[in-house]
Amino acid sequence: MKKLMIAVLAASLSLGVSFAALAADKVGVVVKIGGIPWFNAMEAGIKEQGGKLGLDAFMVGPTSADPALQVRAIEDLIAQNVKVIGVVPNDAKVLEPVLAKAKAAGIIVITHESPGQKGADWNFELASSTGFGEAHAKLLAEKMGGKGEYAVFVGSLTVPLHNAWADAAIAYIKANYPDMKLVGERYGVAEDVDKSRSTALDLISAHPDLKGFLAFGSQGPIGAGRAVEERRKTGEIFVLGPFSPGQGRKLIKADAISGGFMWNPKQAGEVFVTMADRLIKGESVKDGDNIPGLGVIKPVGNDIIVDQLLPINKDTVDELASMGL
């Protein structure tokens, strides 16, 4: 028996696998879409924090922002019997049944960018929906001089947080800038750079008085910025919204994107794992707790919301990009 154990240990070491790694609790995080800078940064945070806390933490990035692909990914994680499933939902409603299934299997569920998510034990935000939406609205009004037409992009019409940001921004502009007019309602294209670009090009052609885009979704400002650049409208049409600084650095320096605000997606990845570790250990998550990455929390229901906005502009974009964002 002793020789057998020695042989197994030697084989494990030869494969670069430790018994601790084999026994580590699994934490799988399903994001909106894989392969884009925003979620690449989040993946780095997930992996680094998993290593620090001794968890097998990993990210699953679907090939497109299709809610059905997220359902499939969560089903796979349930089959793997992970301890914790994290999700950044594309469609909060569509995910409800599969999240309920995960909880029924004894799996802890944590979401991000989905306040009030049914089926989640906890949802966390690094920006309040009102604060985030109004910050962008104020900046757009400043850039547009308080008048003109503007359009709003969201990741999809079923992403609760993007639409909450849009609601807050539109309401703020309506209450404070009566000479600013919304074109249409909103367009669910901002998680796809090509759709954002083509929609922006169509809107620029159809609305000669269009002066601004508010794009809530990391690919929206990139696509709209490219459209503004193609039409040689820099300095005339202003594009604002959250985006990856590394991806949009050239566009913001060329004034094709006029600015925006973000939180740190790498930090969000770290929080997923920190929260997972805390919940696996049965530790409290309550009013007054100080949780790394979130600070002192004041939960409302199952939502933990803090405001940690980072401005993205010509002065900050290089530093943010150097952080891998």
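Residues numbered from 1 in each chain as written. Predicted model: local features only at pLDDT ≥ 70, side-chain atom pairs only at ≥ 80, totals over all residues. Heavy atoms only, no water.

Participant: How would you summarise the overall build of the protein chain if you had to cite specific residues and measurements?
Facilitator: Along the protein chain, the regular secondary structure elements total 12 helices and 15 strands. Taken against the 2.2 N^0.38 rule, which gives 20 Å for 325 residues, the C-alpha radius of gyration of the protein chain at 21 Å falls within 12% of a compact globule. Once the C-alpha set of the protein chain is aligned to its principal axes, its extents read approximately 80 × 40 × 35 Å. Considering the protein chain as a whole, with its 325 residues, one finds that 51% of them fall into the buried category. (Helix = DSSP H or I, 4+ residues; strand = E, 2+ residues; numbered from the N terminus. Rg over C-alpha atoms; globule rule 2.2 N^0.38 Å. Buried < 20%, exposed > 50% of the residue type's maximum accessible area, 1.4 Å probe, protein only.)

Participant: Break down the domain arrangement of the protein chain for me, citing the residues and quoting the values.
Facilitator: When the domains of the protein chain are assigned, the result is domain 1 (26–127 + 264–308) and domain 2 (129–262). For domain 1 and domain 2, the distance between their C-alpha centres works out to 27 Å. Each partner contributes to the interface: domain 1 provides 18 residues, whereas domain 2 provides 15 residues. In this assembly, domain 1 packs against domain 2 so that about 1,300 Å² is buried in total across both faces, 64% of it on carbon and sulfur atoms. The tally of links from domain 1 across to domain 2 stands at 0 salt bridges. Summed over the shared surface of domain 1 and domain 2, the result is 2 residue pairs in polar contact (both at pLDDT 80 or more). (Domains from an automatic or database assignment. Contact = heavy atoms within 4.5 Å. Buried area = accessible area lost by both parts, 1.4 Å probe. Salt bridge = Lys/Arg side-chain N within 4 Å of Asp/Glu carboxyl O. Polar contact = N/O pair within 3.5 Å; in protein donor to acceptor, adjacent residues only side chain to side chain.)

Participant: Describe the packing of helix α3 (residues 37–53) against helix α11 (residues 265–280), naming the residues involved and giving the relevant values.
Facilitator: A pair of packed helices is characterised by two quantities: the angle between their axes and the separation of those axes. Contact geometry for α3 and α11: axes closest at 6 Å, N-to-C directions at 35 degrees. As for the relative orientation of α3 and α11, their crossing is right-handed in sense. Within the contact between the two elements, α3 uses W38, A41, M42, G45, I46, E48, Q49, G50 and L53 and α11 uses P265, K266, A268, G269, E270, F272, V273, T274 and D277. (Axes fitted to C-alpha atoms, helices over the stretch in contact; angles between N-to-C directions. Left-handed = near helix turned anticlockwise from the far one by under 90°.)

Participant: Tell me what's going on with the sheet that holds strand β14 (residues 303–305), and back it up with residues and numbers.
Facilitator: Strand order across the open sheet formed by 6 strands is β2-β1-β3-β4-β5-β14, with parallel pairing between neighbours. Taken across any chain shown, the strands that pair with only one partner, and hence form the sheet edges, are β2 (56–60) and β14. With strand direction ignored, the average angle separating the axes of adjacent strands in the sheet is 20 degrees. Of the strand pairs in this sheet, strand β5 (residues 122–125) and β14 are connected by 3 bridges, and their pairing is parallel. Paired with F124 across the bridge in β14 is I304. Where α3 meets the sheet, it contacts β1 (26–30), β2 and β4 (108–112), and its direction lies at approximately 170 degrees from that of β2. (Pairing = 2+ DSSP bridges.)

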